[in-house]
Amino acid sequence: MGFFSRRREQAAESELQQKLNGHAIRYAARRTLDENGSPVEIILGKNGAINVKNGEIVVMCNAKEVFRCDAETAECSELMSLGGAVIKGVNAVTGEPDTVVAYYTKF
């Protein structure tokens, strides 16, 4: 892959982040692995929004911050159903790498 393909990836990532900005969410969940290695989702909160501002991605639920990470290092993608988004990055709230799934109220 060349230099220009990386620019396209960054442009697509930025475009997706702007699409996520201000999106209302029904709930947010943290994706982790249980002791058997099976994926599980732990509900972080309900009724919130995703905000992209000042170079950070913030997920709010119940008027509390549940996830915050640097927008440049975050990896964002939408679910295949387009009913939500997956955000990966170092969570400033916990200080550890985290994967959060935000499920939209309307899509």
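Provided above is the structure to which this section pertains.
Residues numbered from 1 in each chain as written. Predicted model: local features only at pLDDT ≥ 70, side-chain atom pairs only at ≥ 80, totals over all residues. Heavy atoms only, no water.

(A) Representation of the nonpolar core in the model. The biggest cluster of nonpolar side chains holds 20 residues, and the ones touching the most others in it are Leu20, Ile25, Ile50, Ile57, Val59, Phe67 and Ile87. Listing elements by their share of this core, those giving two or more residues are helix H1 (3-20), strand E1 (24-33), strand E2 (39-53), strand E3 (56-61), strand E4 (64-70), strand E6 (84-91) and strand E7 (96-104). Beyond its immediate stretch of four places on either side in the chain, Phe67 contacts Ile57, Val58, Val59, Ile87, Gly89, Asn91, Val93, Asp98 and Val100. (Core = buried A, V, L, I, M, F, W, Y, C linked by side-chain atoms within 4.5 Å. Buried < 20%, exposed > 50% of the residue type's maximum accessible area, 1.4 Å probe, protein only. Helix = DSSP H or I, 4+ residues; strand = E, 2+ residues; numbered from the N terminus. Contact = heavy atoms within 4.5 Å.)

(B) Examining the side chain of Asn91 more closely. Turning to its location among the elements, Asn91 is positioned in strand E6. We classify Asn91 as buried; its relative accessible area is 0%. Within the structure, the side chain of Asn91 is placed 3.3 Å from the backbone nitrogen of Arg68, a separation counted as a polar contact. In this structure the side chain of Asn91 is engaged in a polar contact, spanning 2.9 Å, whose partner is the backbone nitrogen of Val93. Excluding anything up to four places from it in sequence, Asn91 contacts Arg30, Val66, Phe67, Arg68, Glu96 and Asp98. (Polar contact = N/O pair within 3.5 Å; in protein donor to acceptor, adjacent residues only side chain to side chain.)

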